[in-house]
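Geometric and topological summary
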Amino acid sequence: MSTPDEKATEQKQTAGSPRPAKGVHSEMSEASRQFGILHTSLVGMSLIVLVLLLAVAMPVMGHSPVTHKGSFAVIVLATLGGIFYLYYLNYGVYRIVSEHDRLNEVLVNSLGQGFLSFGQDGICDRVYSQACVELLGTEPGGKDIMDVLRVTEEARADFKGWLDILFLPDHALGFPDVVNFLPQLFAHPRKRRITLDYKPIYSRGHVLARVVLIATDVTEEYEAQELAKQRQEYADMICRIFRERNQFLATITHIRTFLEMSGAPDAYENKTAVLRLLHTLKASVKHFHLGSLAETVHGLESELRAETVQTAEDFKTILQSGRYCIDRELSSVLETIKDLIGQDYERRGNTHEIEESALYNFALVMSVSGVSQDIIDHYLRFIVAIPIQDCFRQFERELLDLAEITGKQIKTIRYTGSNPPVLLREYQGLIFSLTHVCRNIIDHGIEPSVTRIARGKDPAGQVLIDTDVVPDVADKDKQWLHITISDDGGGIDPARLREKLEISQPNELWREQDDHAVIQNIFTFGVSTRDRVTDLSGRGVGMNVVKREVENLNGKIEVFSELYRGTRFEIFVPYILSI
């Protein structure tokens, strides 16, 4: 027997115990109980009906019918009572099921997602969420899923083909693999970003019966991500401008040169030079994360190279329009960074920055004033000149950036050689053009990690740069700056290059050349092993730019390659360390 204190404690515990909330689970349990009652009642009604049938059949079987009023009344009342009780139970079940139906509808619509389903014929079911109307712009019930998703005429055959494969009972691909080929985004007329996801509904035999499409509005999330990306790119732009100020100023100079060249009356006559400079600018502005300017430059290059540009007038019209846009974008960039550069100068305190031109002019003044040539050479070597490997810092950063963009792995550049000092002004055009070698190494040379592993290589590619000064064999007073850039990538396929030359230069002498001579054609304008143009390469312009810069210095460039082993660029230019 419990004491009063124990009873009081039990009462407190009961009063303080949280009661389970009545939710979906409890409601479903109630529905199941009601269905159990309904089944029990059906059994009882079946017995009542059997009794009635027996009463009716008694005369047929030779027995006296029910003549007693009391017995008849009992049978009638029991029958009516059973019918009304069955109706009552059915109404209770109907009420609970209706509540659940409304609850499910509220839950589905409150998610803000569009839910619909369709079968192998592509016809959408009549049941769908209200959000479909808002997100997809139509009521999908009874309509073809291709019409609902606004699949273009060109893509309808592929859509139907993948849909048929999806419902094949024994196809090799899994459901997630096949739906990747179905539309993943919905082309919303108001530029909202609607993602599409597909879920399977299987029958008992694990055979696909229906496909559920879930449409989700991710516009806000996407805009937030884009804003964060823009802010990150802006921060990267500022950091790179400060780290590589000289290269940035060189880029600005090249842009102004392009604006001047493209505005000249003979712009069409210098069409090749204009396009070559434009192609080089695209790579440089991308390196500094000048996104809008890079898109403008890329768009102008694509328009100028379009097959529809047939006449000089067409070329000039497009060029002038693009020139205006580039000038406007350049002004915007300079306005953005103007205050930042000024503040940076203030923070530097007593640090004094001297323009490169002033350093060279001082050497000229010394020369005119009769200063000893040894003193001038010493000044140029130790004050004006910089180690040549420092000139490749942008090359190295761009290499790592492009590897990350393309999903490839690359190691830090390995430098060898004597790292001689050079006068940057003399070699600036060459160093600037080497961005094309960098892009070709990533896009053409270094293979994806899986391919490299299959070929027995390290997953990460390796680039080597060797720099040295070598004497001229014929002239002992002359020296050459020797630059070697090599990678351990896939190499250049001479057979592939011959296929491209067959199209671009069907009547040239390359047919009589050996493999080494054939691969030198990568320096020819318009020759590329790519089937399509990408942001990195494919126009057959970049390597021609490099060759021209080498030739402008009275140098020479040659490429050596071994298929699946790697490629090596050998550059010889006169070594200039005096004026």
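Presented here is a report on the structure given in the accompanying data block. (Residues numbered from 1 in each chain as written. Predicted model: local features only at pLDDT ≥ 70, side-chain atom pairs only at ≥ 80, totals over all residues. Heavy atoms only, no water.)

**So, the overall build of the protein**
The secondary structure content of the protein amounts to 21 helices and 11 strands. When each of the 579 residues of the protein is scored for burial, the buried share is 36%. A sequence separation of at least 24 residues applies to 63% of the contacts in the protein between residues at least 6 apart. Surface summary for the protein: the accessible area is close to 34000 Å², and the carbon and sulfur share equals 55%. (Helix = DSSP H or I, 4+ residues; strand = E, 2+ residues; numbered from the N terminus. Buried < 20%, exposed > 50% of the residue type's maximum accessible area, 1.4 Å probe, protein only. Contact = heavy atoms within 4.5 Å. Areas by Shrake-Rupley, 256 points an atom, 1.4 Å probe, with all protein chains shown as cover.)

**Here we look at unusual backbone geometry**
Positive phi is not limited to glycine here, since Asn419 has a value of about 50°. Looking at where Asn419 falls in the secondary structure, it is placed in the loop between strand 6 (414–417) and strand 7 (421–422). Assessed through its relative accessible area of 25%, Asn419 is described here as partly exposed. One non-glycine residue, Asn554, lies in positive phi territory at about 60°.

**Some thoughts on the sheet that holds strand 9 (residues 479–487)**
Pairing in this open sheet of five strands is mixed, and the strands run 6-8-9-11-10 from one edge to the other. Either end of the sheet is taken by a strand with one partner, and the two such strands are strand 6 and strand 10 (556–562). Across the sheet, the mean angle from the axis of one strand to that of its neighbour is 15°, orientation sign disregarded. Relative to strand 11 (residues 566–574), strand 10 runs antiparallel, the two sharing seven bridges. (Pairing = 2+ DSSP bridges. Axes fitted to C-alpha atoms, helices over the stretch in contact; angles between N-to-C directions.)

**Some words on the packing of aromatic side chains**
In total, this model carries six aromatic pairs according to the counting rule given. Here Phe248 and Phe288 contribute two aromatic rings whose centre-to-centre distance is 5.4 Å and whose plane-to-plane angle is 70°, an arrangement assigned as edge-to-face. Placement of the pair is Phe248 in helix 9 (residues 245–262) and Phe288 in the loop between helix 10 (271–287) and helix 11 (291–304), with a sequence separation of 40 residues. The residues Phe248 and Phe288 share a single accessibility class, namely buried. (Phe/Tyr/Trp six-rings, centres within 6.5 Å; stacked < 30°, edge-to-face > 60°.)

**What about the pairing of strand 9?**
For a regular strand, the rule is simple: side chains alternate between the two faces of the sheet. Most of strand 9 sits out of view: eight of its nine residues are buried. Judged from the nine bridges that link them, strand 8 (residues 463–471) and strand 9 form a sheet pairing that is antiparallel. Each residue of the ladder has a partner; that of Leu464, found in strand 9, is Ser486. Across eight bridges, strand 9 lies against strand 11 in antiparallel orientation. Within strand 11, the residue paired with Thr484 across the bridge is Glu570.

**Description of the sheet that holds strand 4 (residues 208–217)**
Pairing is antiparallel across the open sheet formed by four strands, whose spatial order is 1-4-3-2. Either end of the sheet is taken by a strand with one partner, and the two such strands are strand 1 (114–118) and strand 2 (185–187). The sheet shows a mean angle of 30° between the axes of neighbouring strands, taken without regard to direction. Where strand 1 and strand 4 come together, five bridges link them in antiparallel fashion. Among the inter-strand pairings, Leu116 is bridged to a residue of strand 4, identified as Leu213.

**Concerning the pattern of salt bridges**
Using the criterion set out here, one finds 22 salt bridges in the structure. Of the charged contacts in the structure, one is a salt bridge between Asp488 and Arg452, with a shortest N-O distance of 2.9 Å. With Asp488 in the loop between strand 9 and helix 19 (494–504) and Arg452 in helix 18 (residues 449–454), this pair connects stretches of sequence that are 36 residues apart. On the basis of relative accessibility, which here comes to 24%, the residue Asp488 falls in the partly exposed class. Through salt bridges with shared partners, a single network forms among Glu447, Arg452, Arg455, Lys457 and Asp488. (Salt bridge = Lys/Arg side-chain N within 4 Å of Asp/Glu carboxyl O.)

**Some details on helix 14 (residues 373–384)**
An α-helical turn contains 3.6 residues, so any two residues separated by three or four positions project in the same direction. Of the residues making up helix 14, those classed as buried are Ile376, Tyr379, Leu380 and Val384. Along the axis of helix 14, the buried residues cluster in a sector spanning 95°; they form a single face. Across helix 14 from its buried face, at more than 90 degrees, point the exposed residues Asp374 and Phe382. Lining the buried residues of helix 14 we find helix 13 (356–368) and strand 5 (386–387). (Arc of directions from axis to C-beta.)

**What about the environment of Tyr427?**
In this fold, Tyr427 is placed in helix 16 (residues 424–433). Judged by relative accessible area, which is 3%, Tyr427 ranks as buried. With 39 residues separating them in the primary sequence, Tyr427 and Ile388 have C-alpha atoms 9.7 Å apart. With residues near it in sequence (within four places) discarded, Tyr427 still touches Val422, Leu481, Leu553, Val573, Pro574, Tyr575 and Ile576.

**Here's the deal with the side chain of Ser449**
For Ser449, the position within the fold is in helix 18. The class of Ser449 is buried, set by a relative accessible area of 14%. Other than its neighbours up to four places away in sequence, Ser449 contacts Gln409 and Pro459.

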